[in-house]
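What the coordinates show
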Amino acid sequence: MFNKLKEKLSGFKESLAGKIKEKANNIGETAKSVGGGGLPFQEPLEDAASRAQTGSSATASAPHSEKPAVATQAGEPSRSRISFADRARALIFEREVILDEKDLQEPLWALEMALLESDVALPVAEEIVTSIRQELVGQKKKIGSDTGQLAEGALKNAILKVLSRNLMDFDQFMKESSKPVKILFVGVNGTGKTTSIAKVAKYLKDRGYSVVMAAGDTFRAGAVEQMEVHGARLDVKVVKHKTGGDPAAVIFDAVEYAKAHNKDVVLADTAGRLHTNINLMDQMRKIVRVTKPDLMIFVDEAIAGNDAVERARLFNQSVPISGTILTKTDADAKGGSAISIAHITGKPIIFLGVGQDYPDLVKFEPEWLLDRLFGE
Ligand SMILES: Nc1nc2c(ncn2[C@@H]2O[C@H](COP(=O)(O)OP(=O)(O)O)[C@@H](O)[C@H]2O)c(=O)[nH]1
Ligand SMILES: [Mg+2]
């Protein structure tokens, strides 16, 4: 999952870490030349700094350091020389660095290209890059013992910011909604609508809710039967009409059934459609008018990358959605759609599909996705 993107992010981390190290070493070199032989900069910066961090005296263990840094052989030193040398030394021993625009230019450009190659939408890639720039440029940053940590931290914060903008707690929503909760699943053919309905049915049953499924895809041959198979396996009632019937009527009946039998939730399937199909979008508006769903979930597959994001955006413009389920993330190396879709539609990702079995459904949480991108 997201392997290619993960590799690219790790590449950015390394290149930025390299820049930070270079910068820190430059400060060391400058300080050495300004402060004269009194500063223990003949040794590698990393060694000096790690010793400074562990508390042992760098000066004592450096054989060529004969005197304290600020003392000079010829009486009073010039103020500016001392203060600069002192400041530079402090910067290194406390492992702090100040990065400027120039230091970040190359790694950030490479990062933006990498994000775009991974199907992250352009405005989202730009926002990530801008937010890293804001976090790092001109700020005094502690480097710590690992220069990579600073780079990774900035990158994680930037992605987390993007992922956290539109969130929804499905469990809370279910708890608070009056019953039966009506949930409509819409989207393009073959993306995983019916499978996701079955997964959500299991998810809800496991949490104590009683479920009815509506076989609202009356268009595709075999769709009603597919739903019935899921119903039998999950022991969930399926309300159906004949293939070719009116989907709004099927879903309406399922809602009536749920009311009559005190069921908590109706999960309604629909035929696959593109936002460009005028007739099918009109039919969708009719379904919405007749059944008044509490939640309208757009389902698309992560592997479609930018196409999925664009379809969600256009569908949402035509018939407003509540959020998305992004399926097949288990087969997606790029990860761009998962990072972009909520940002572009302004609607949350509710679940991620992570496989073909019923339990392969993950409630979307930004930290979960971050772990996939940066974890071992
Ligand atoms: N690997 C993987 N396959 C999935 C996932 N969700 C659905 N599928 C597969 O995608 C195919 C189409 O699913 P289906 O639910 O029939 O799509 P629909 O036409 O949108 O209803 C099936 O083979 C599913 O098993 C997922 O999260 N991961
Ligand atoms: Mg289907």
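So, here's what we can say about the structure. Every value quoted in this text rests on a predicted model; they were computed, and no experiment measured them.

**Some words on the overall build of the protein chain**
Secondary structure summary: the protein chain contains 15 helices and ten strands in total. Taken across its 376 residues, the protein chain has 51% of its residues classed as buried. Partitioning the contacts of the protein chain with sequence separation of at least 6, the portion at a separation of at least 24 is 77%. When the accessible surface of the protein chain is summed, it comes to about 17,200 Å², and 50% of that surface belongs to carbon and sulfur atoms.

**Brief notes about the sheet that holds strand 9 (residues 349-353)**
Each strand in a sheet pairs with its neighbour through backbone hydrogen bonds, running either in the same direction (parallel) or in the opposite one (antiparallel). Reading across the sheet, the eight strands line up as 5-4-6-3-7-8-9-10 and stay open at both edges, with mixed pairing between neighbours. The open sheet has two edge strands with one neighbour each: strand 5 (237-239) and strand 10 (361-363). Along the sheet, successive strands turn relative to each other by an average axial angle of 25 degrees, direction set aside. Both strand 3 (residues 181-187) and strand 6 (residues 265-268) contribute to a ladder of four bridges, which runs parallel. Across the sheet, the residue bridging to Leu184 is Ala268, located in strand 6. Most of the contacts of helix 12 (residues 278-291) go to strand 3, to which it runs at about 175 degrees, and overall it touches strand 3 and strand 7 (295-301).

**What about empty space enclosed by the protein?**
What the rule picks out here adds up to three cavities of 30 Å³ or more. Here the largest cavity defines a volume of roughly 40 Å³. Taken together, Lys182, Ile183, Leu184, Ile251, Val255, Val266, Ala268, Thr291 and Pro293 form the lining of the largest cavity. For the lining of the largest cavity, the element with the most residues is strand 3, which contributes three residues. Taken together, the residues that form the lining of the largest cavity break down as seven nonpolar, one polar and one charged.

**What to know about the packing of helix 13 (residues 306-318) against helix 14 (residues 336-345)**
Between helix 13 and helix 14, the least distance of the axes is 9 Å, while the angle of their chain directions is 20 degrees. Classed by the angle they form, the pair helix 13 and helix 14 counts as roughly parallel. Seen from above, helix 13 lies across helix 14 with right-handed handedness. Along its contact with helix 13, which presents Ala308, Val309, Ala312, Arg313 and Asn316, the element helix 14 presents Ser337, Ser340, Ile341, Ile344 and Thr345. Residue classes in the contact of helix 13 with helix 14 are distributed as five nonpolar, four polar and one charged.

**Brief notes about the nonpolar core**
Membership of the largest hydrophobic core comes to 67 residues, with the highest contact counts inside it found for Leu9, Leu111, Ile128, Ile132, Leu155, Ile159 and Phe315. The dominant element in this core, judged by the number of residues it contributes, is helix 7 (residues 147-163), at eight residues. Residue-level mapping places this core at the junction of two domains, with at least three residues from each of domain 1 (3-163) and domain 2 (170-365). What Leu155 contacts, discounting residues up to four positions off in sequence, is Leu9, Phe12, Leu111, Ile128, Ile132 and Phe374. In this structure, Ile197, Val211, Leu234 and Ile297 belong to the second largest nonpolar core, which totals 32 residues.

**Description of the site of ligand 1**
Around ligand 1, 17 residues are found, and the nearest of them are Gly190, Lys193, Thr195, Asp330 and Gln356. Within the backbone of Gly192, one N or O atom sits 2.9 Å away from an oxygen atom of ligand 1. In this structure, an oxygen atom belonging to ligand 1 sits 2.7 Å away from a main-chain N or O atom of Lys193. Burial of ligand 1 by the surrounding chains reaches 80%, relative to a free accessible area of 580 Å². Looking at the shell around ligand 1, the element that brings in the most residues is helix 9 (residues 193-206), giving four residues. For the shell around ligand 1, the residue count by class is two nonpolar, eleven polar and four charged.

**Comments concerning the packing of aromatic side chains**
Taken as a whole and assessed by the stated rule, the structure comprises four aromatic pairs. Geometrically, the ring pair formed by Phe170 and Phe351 is edge-to-face, given 5.0 Å between the ring centres and 65 degrees between the ring planes. Taken as a pair, Phe170 in helix 8 (residues 170-176) and Phe351 in strand 9 lie far apart in primary sequence, 181 residues in all. Here Phe170 and Phe351 have matching classes, each one buried. An aromatic cluster of at least three residues, connected via ring pairs, comprises Phe170, Tyr203 and Phe351. Over the face of the ring belonging to Tyr203 we find Arg207, whose NZ or CZ atom lies 3.5 Å from the ring centre.

**A few points about helix 12**
The periodicity of an α-helix, 3.6 residues per turn, causes residues three or four places apart in sequence to face the same way. Taking 1.5 Å of rise per residue, the 14 residues of helix 12 would be expected to cover 20 Å, and the 20 Å separating its terminal C-alpha atoms lies within 8% of that figure. Buried residues of helix 12: Leu280, Met281, Met284, Ile287 and Thr291, and no others. Buried positions in helix 12, seen along its axis, are confined to an arc of 105 degrees and lie on one side of it. Exposed residues lying more than 90 degrees from the buried face of helix 12 are Ile278, Asn279 and Arg289. Where helix 12 ends, the next residue or the one after it, Lys292, has phi of about 45 degrees, a positive value.

The rules behind each value
- Throughout this description, residue numbers start from 1 for each chain and increase along the sequence as written.
- Key to labels: chains lettered from A, ligands numbered from 1, both in the order written.
- The predicted origin of the model limits local features to residues at a pLDDT of at least 70 and limits the giving and counting of side-chain atom pairs to 80 or more, whereas totals for whole chains, interfaces and linings rest on all residues.
- Values shown for side chains rest on all heavy atoms present in the structure; no hydrogens or waters enter the calculation.
- Helix and strand definitions here come from DSSP, where helices need a minimum of 4 consecutive H or I residues and strands a minimum of 2 consecutive E residues; each element is numbered from the N-terminal end.
- Only protein chains enter the accessibility calculation, which uses a 1.4 Å probe; a residue is then buried when its area is under 20% of its type maximum, exposed when over 50%, and partly exposed in between.
- For this analysis, residues touch if any pair of their heavy atoms sits within 4.5 Å.
- Throughout, the Shrake-Rupley method with a 1.4 Å probe supplies accessible areas, and for residues the shown protein chains are the sole cover considered.
- Paired strands, in this sense, are two strands between which DSSP finds at least two bridges.
- To obtain each axis, a line is fitted to C-alpha atoms, and for helices this fit is confined to the stretch in contact; angles are then taken between N-to-C directions over 0 to 180 degrees.
- Points on a 1 Å grid over protein atoms alone make up a cavity when a 1.4 Å probe fits among them but cannot get out, and a pocket when they form an open set with protein on both sides within 12 Å along at least five of seven lines; lining residues each have an atom within 4 Å of a point.
- Grid points are joined across faces, edges and corners, and a volume is the space filled by probe spheres set on the points.
- Charged residues are taken to be Asp, Glu, Lys and Arg, nonpolar residues to be Ala, Val, Leu, Ile, Met, Phe, Trp, Tyr, Cys and Pro, and polar residues to be all remaining types, Gly included.
- In this scheme, roughly parallel covers angles under 35 degrees and roughly antiparallel covers those over 145, while 65 to 115 is roughly perpendicular and the rest are oblique.
- It is the rotation of the near helix from the far one that decides the hand of a crossing: anticlockwise by less than a right angle makes it left-handed, clockwise makes it right-handed.
- Among buried residues, the Ala, Val, Leu, Ile, Met, Phe, Trp, Tyr and Cys ones that are joined through side-chain atoms within 4.5 Å form a nonpolar core.
- Each domain's limits were defined by an automated method or a database of domain assignments.
- Being near a molecule or strand, for a residue, means having at least one of its heavy atoms within 4 Å of it.
- For this analysis, a polar contact is any N or O atom pair within 3.5 Å, provided that within protein one partner can donate a hydrogen and the other can accept it, and provided that sequence-adjacent residues contribute only side-chain to side-chain pairs.
- Aromatic contacts are taken between Phe, Tyr and Trp rings whose centres are within 6.5 Å, Trp giving its six-membered ring; a plane angle under 30 degrees counts as stacked, one over 60 as edge-to-face, and the others as tilted.
- Either the NZ atom of lysine or the CZ atom of arginine qualifies as a charge over a ring when it sits within 6 Å of the ring centre and within 35 degrees of the ring normal.
- Helix span, as expected, comes to 1.5 Å for every residue beyond the first.
- For this quantity, the arc is that covered by the directions from the helix axis to the C-beta atoms.

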